[in-house]
Amino acid sequence: MIRLNDITSIILSYNPNANINLIEKAYVFSAKVHKGQVRLSGEPYLSHPLEVSGILASMKTDEITVVSGLLHDTVEDTLTELSEIEYLFGKEVARIVDGVTKISKIKFVSKEEQQAENIRKMILAMATDIRVLLVKLADRLHNMQTLGYQPSEKQEKIARETLDIYAPLAGRMGIFWMKSRLEDLSLYYLEPKIYSDIRLGIAQRHEGQERFIKEIRDILSEKLKEVGINATIKGRHKHFYSIYQKMMDQNLNINQVYDIIAFRIIVSTVKECYETLGLIHSLWKPVSGRFKDYISLPKANMYQSLHTSLITSLGERMEIQIRTWDMDKIAEEGIAAHWMYKEGKFPEKGSTSQYAWIGKLLEWQKSLVDPREFLETVKLDLFSSEVYVFTPKGEVKEFPKDATPVDFAYSIHSEIGDRCVGAKVNERIVPLNYRLKNGDVVQIITSKNSNPSRDWLSFVKTSTARTRIRQWIKKEEREESIAIGKNILEKDLRKYHINVLKQPNNEQLLDVANKFSLKTVDDLMASIGYGKISSKQILNRLLDREEVEGEKQEGLVQKIVHKIQRKREHKGITIKGMSDMLIRFGKCCSPLPGEEIVGYITRGRGITIHQKDCSYIKGADPDRLIDAEWETSEGITYVARLRITNISKKGMLADVSAIFSQNEANIIDADVHTTIDKKAISSFTIEVADYNQLKNIISRIKSIKEVLKVERM
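Starting from 1, residues in each chain are numbered consecutively following that chain's sequence as written. Two thresholds apply to this predicted model, a pLDDT of at least 70 for residue-level local features and 80 or more for giving and counting side-chain atom pairs, whereas whole-chain, interface and lining totals are computed over all residues. By convention in this description, side-chain values take in all heavy atoms of the structure and omit both hydrogens and water.

Turning our attention to the overall build of the protein. Summing up its helical and strand segments, the protein has 29 helices and 20 strands in all. By residue count, 48% of the 713 residues in the protein fall in the buried class. Note on contacts: a residue pair qualifies if any of its non-hydrogen atoms lie within 4.5 Å across the two residues. When contacts within the protein are restricted to residue pairs at least 6 apart in sequence, long-range pairs at least 24 apart make up 66% of them. Surface exposure of the protein reaches about 37,300 Å², of which carbon and sulfur atoms provide 49%. Numbering goes from the N terminus for both helices and strands, where a helix is a DSSP run of H or I of at least four residues and a strand is a run of E of at least two. Residue exposure (1.4 Å probe, protein chains only): buried if accessible area is under 20% of the type maximum, exposed if over 50%, otherwise partly exposed. For every accessible area listed, the method is Shrake-Rupley and the probe measures 1.4 Å; residues are considered covered only by the protein chains on display.

In structure tokens, the structure reads:
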């Protein structure tokens, strides 16, 4: 465990005038309030804030940040009040501690919602003081280093969140050593077998690789001295997660990955960077398409370097990075290498694009209410950009890998995106799903009569484009829902000779809307159109309940609705927060009891039940999804469809039918045909009680020797 003296020694080494008394005071306070608390490892809880502040000191942060590291858990995990922190240590420390403290006093519907709101809080806090994020990253790094003491389920959850949120945040901050450690630790818990394979593969090649690193270093050192360049050369293995990504991208195992060695050449000037690049390209053959110039086009986090991949005369692959000492410092320390980290302040607006991504995150947290959509947007926006393209006027724009002209259009202006009908790349017409490449010159073609398409959501890569498209679709669907709602309500009101919809102010309907916690009559009409509120609920508030329920003469529509509602009682479905709703099952997935389900509000047609992993639901509007679950019921059957492929053989149909019979599944429909290559394909529609019964049937059929495949249709 790191000691306080170790931390103060590190701080004094880079900041001799640091307020050590404040750090010692924070240590004493933290030790006092955490007294008696123990971590899962068995160590005193104080070991955690000490390690966090040690990490912050190694990042050369100011004493306020280190003090905040010592106190970061006091409000969340002890009886300490934030006002006490402010009184003893000042407003800056209190603001940072509050920023990293999770929201614990509010009850959330789901863990996902809680995670989203905690991320929201952190984004708001770090927009005011970037040191909030530095403390949070240091806290997450130490928690990942000690994650082995947590239950396996929690290990996976924390590792996934780290890989999706915190490692990209470290990358955005330019703190690449931390990004690499967080990624490697996450991989260790998420893919333990692959992690072990990579470690073993590197260990087996260790001796040969060390020899290779020495040989390359010697050659480079000698050749650079000959041309008068004084350089420092470092050779290392790539970190495990980058090797894992290569294995996944190219479908390789560890023994098929050859370029796991990377070299870094550090020189004095930018001129020497390009001279060195020319020299190494004369020594070894460069790999086509693998050169990146981040010096002339720096990344948003100020990262600068030349990257190139080469093949030696023996066929070995390697990656070389070339940079100056100043560039190396920024690459290693990120924001902490820049003067602007002091006091957590940001530069003047427009002076740098380094923090533009924080502005985007702030915009998303304000406009996106749904937790799932918010988290998805944050994850999309955090992943590092890799493509640089140009406007016709020569302005450089940065995008994520595989971004499209639609992403480009929305980056210029939301109206340009909405009116986009085509694009030219390098003076040639390209489809809207074209993947932009480095150096492309992009021109957008627009039309006043054009509107966004839902299909665009399947290929856009930026959170800006995705959010704008969804907003437009929601607006269009809302207008359509208002029209449907008015139509439905008007038909029902006619039976009672009420023309409240034609009244100029609609005060009665506004009063009804307010009772449903809605602000306007249009909100009420949209809710009817979506199926969230039934017209009967409106009538109950406009008229006496007895008058509504006593209506004897039913029209054709009412008879059908009542018939469907009576059937609904036997569907065995509970819809959260709703009653008396029309229920039907999605034909795309035909869910069965035992499977996780979700309801989809269909405008004017009640609720359609889908499997949670149904492809239709994945692209659906989150606002129209609602929790649903199966009720315990007996004697109810559900339809399932199976396709069986087998080697053609006499008696197969009888064998399969026997399995259906033994498992009490009734066959509704069957179709059998034989292919040219002597295979039989059989399609069955059967009635089952639940998913477990279907799984048992599928398992039994698969056990037949001649069966090649059983699919649920």
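Once the structure has been displayed, the description carries forward.
Note that L625 resides in strand β16 (residues 625-630). In sequence terms L625 and I601 are 24 residues apart; their C-alpha atoms lie 6.4 Å from each other.

Only the stretch in contact is used when fitting a helix axis, every axis being a line fitted to C-alpha atoms; angles between N-to-C directions are given from 0 to 180 degrees. Two elements in contact, helix α10 (residues 152-172) and helix α11 (residues 176-190), have axes whose closest approach is 9 Å; the angle formed by their N-to-C orientations is 160°. Comparing their axes, α11 and α10 come out roughly antiparallel. Here the hand of the crossing between α10 and α11 comes out left-handed. Two secondary-structure elements touch here, α10 through Q155, E156, A159, R160, T162, L163, Y166, A167, A170 and G171 and α11 through F176, M178, K179, L182, E183, S186, Y189 and L190. Each residue gets one of three labels, nonpolar for Ala, Val, Leu, Ile, Met, Phe, Trp, Tyr, Cys and Pro, charged for Asp, Glu, Lys and Arg, and polar for the others, Gly among them. When its residues are assigned to classes, the contact of α10 with α11 shows 10 nonpolar, 4 polar and 4 charged. For classification purposes, angles smaller than 35 degrees are called roughly parallel, those larger than 145 roughly antiparallel, those between 65 and 115 roughly perpendicular, and all remaining angles oblique. Less than a right angle of anticlockwise turn of the near helix away from the far helix marks a crossing as left-handed, whereas a clockwise turn marks it as right-handed.

Before going further, it helps to examine the sheet that holds strand β9 (residues 420-425). Two strands make a pair as long as DSSP finds a minimum of two bridges between them. With respect to topology, 3 strands assemble into an open sheet ordered β10-β9-β11, the strand pairing being antiparallel. Across the chains shown, the open sheet's two edge strands, defined by having one partner strand only, are β10 (428-430) and β11 (442-446). Each neighbouring strand pair of the sheet contributes to a mean axis angle of 35°, computed without reference to strand direction. Across the face of the sheet, helix α19 (residues 405-412) comes into contact with β9, β10 and β11 while running at roughly 80° to β11.

Our focus in this paragraph is helix α14 (residues 240-250). The periodicity of an α-helix, 3.6 residues per turn, causes residues three or four places apart in sequence to face the same way. Taken as a whole, α14 has its buried residues at F240, Y241, I243, Y244, K246 and M247. Buried positions along α14 lie against α10, α11 and α12 (192-204). N251 occupies a position one or two residues after α14 and carries a positive phi of about 55°.

Next up on the list: the pairing of strand β8 (residues 396-399). The alternating pattern of β8 places K397 and F399 on a buried face, while none of V396 and E398, on the opposite face, is buried. Connecting the antiparallel pair strand β7 (residues 387-390) and β8 is a turn made up of 5 residues, with G394 showing a positive phi of about 95°.

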